Amino acid sequence: NTVWARRYVNGTWSAAERISAAPVTDNTFHAFSPAVTTDVNGNILVVWTQDDPATATRSIWSARHNGSWGAPLRLSEGTRKTYEARVAVDARGNFIAVWTQDTNAYDAYGPTQPPGNVIPNVWARRSSAGTWGTAAMIGDAGLVPNDGTSRPRISMNANGDAAVVWEQTKNGETSIAGNLYR
């Protein structure tokens, strides 16, 4: 599975272009769950989840279209499983991507952490003037084993202020939590 894109420009669809990396061999590469946004100048950012054979984990990747598609870029740190990428943009073309990422690594073939201890949390990374900052956890730092987050969503206004909300389970109680970026 790979991620492809077609653009609709002046009443015509462009040819399909693969925007994720090409698989080295069959069944070694799985890219899925893309999310997309476009700024006021027509620049596009797509984010997706990808099982990556190079890091042996699931990471968040992106591709940007500024006249042509750029090379795919990994947004997450690449050592812990990630899920559910979303993206938003402001009026100046600054993007924020959010996703759920395990806080602790879990090795399925020789677990050092039981599954309940991986603690999925919400992470974000911001692109300003075409340059990505560092990924950071923006969820609740007080989560403990068997707590976690899922389903992050983001909205951004023209000035670049953003609201991120997600479903969170803490101490056995599930609620909606959030964070603001100003």
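Scope of this entry: the structure provided in the associated data block.

Criteria and cut-off values
- Residues numbered from 1 in each chain as written.
- Predicted model: local features only at pLDDT ≥ 70, side-chain atom pairs only at ≥ 80, totals over all residues.
- Heavy atoms only, no water.
- 1 Å grid on protein atoms, 1.4 Å probe; cavity = no way out; pocket = protein on both sides within 12 Å on 5 of 7 lines; lining within 4 Å.
- Points joined across faces, edges and corners; volume = space filled by probe spheres on them.
- Helix = DSSP H or I, 4+ residues; strand = E, 2+ residues; numbered from the N terminus.
- Nonpolar A, V, L, I, M, F, W, Y, C, P; charged D, E, K, R; others polar.
- Pairing = 2+ DSSP bridges.
- Salt bridge = Lys/Arg side-chain N within 4 Å of Asp/Glu carboxyl O.
- Buried < 20%, exposed > 50% of the residue type's maximum accessible area, 1.4 Å probe, protein only.
- Polar contact = N/O pair within 3.5 Å; in protein donor to acceptor, adjacent residues only side chain to side chain.
- Axes fitted to C-alpha atoms, helices over the stretch in contact; angles between N-to-C directions.

### Quick word on the layout of surface pockets
- Its boundaries defined by the atoms lining it, the second largest pocket holds a volume of some 160 Å³.
- Looking at the second largest pocket, the residues that line it are Ile96, Ala124, Arg125, Arg126, Thr134, Ala136, Ile138, Ala162, Val164, Asn179, Leu180 and Tyr181.
- Listed by contribution, the elements that provide at least two residues to the lining of the second largest pocket are strand 11 (120-128), strand 15 (162-170) and strand 16 (173-181).
- Classifying every residue of the lining of the second largest pocket by side-chain character gives eight nonpolar, two polar and two charged.

### Concerning the sheet that holds strand 5 (residues 30-38)
- An order of 5-6-7-8 is seen for the four strands of this open sheet, with the pairing classed as antiparallel. Lying at the two open borders of the sheet, with one neighbouring strand each, are strand 5 and strand 8 (73-74).
- Two strands pair when backbone bridges link them, and strand 6 (residues 44-52) and strand 7 (residues 57-65) are joined in this way by nine bridges, in the antiparallel orientation. The partner of Val46 across the bridge, within strand 7, is Ala63.

### Looking at the pattern of salt bridges
- Applying the stated rule across the entire model yields five salt bridges.
- With a shortest N-O distance of 3.7 Å, Arg92 and Asp90 are connected by a salt bridge.
- For Asp90, a relative accessible area of 4% translates into the label buried.
- Residues Glu167 and Arg151 are paired through a salt bridge, measuring 3.2 Å at the closest nitrogen-oxygen approach. One end of the pair, Glu167, is in strand 15; the other, Arg151, is in strand 14 (residues 148-156), and 16 residues separate them in sequence.
- Assessed through its relative accessible area of 44%, Arg151 is described here as partly exposed.

### Some points on the environment of Trp166
- With respect to the helices, strands and loops of the structure, Trp166 is situated in strand 15.
- A residue is classified by how much of its surface remains accessible, and Trp166, at 3% relative accessible area, is buried.
- Sequence spacing of Trp166 and Gly67 is 99 residues, and the spatial spacing of their C-alpha atoms is 33 Å.
- Here Gln168 takes part through its side chain, which lies 3.1 Å from a polar atom of the side chain of Trp166.

### What to know about the sheet that holds strand 14
- The strand order across the open sheet built from three strands is 14-15-16, with neighbouring strands paired in antiparallel fashion. In this open sheet, the two edge strands, each paired with only one partner strand, are strand 14 and strand 16. Taking each pair of neighbouring strands and ignoring which way they run, the sheet shows an average axis angle of 20°.
- Inspection of the sheet shows strand 15 paired to strand 16 by nine bridges, in the antiparallel sense. For Ala162, the partnering residue across the bridge sits in strand 16 and is Tyr181.

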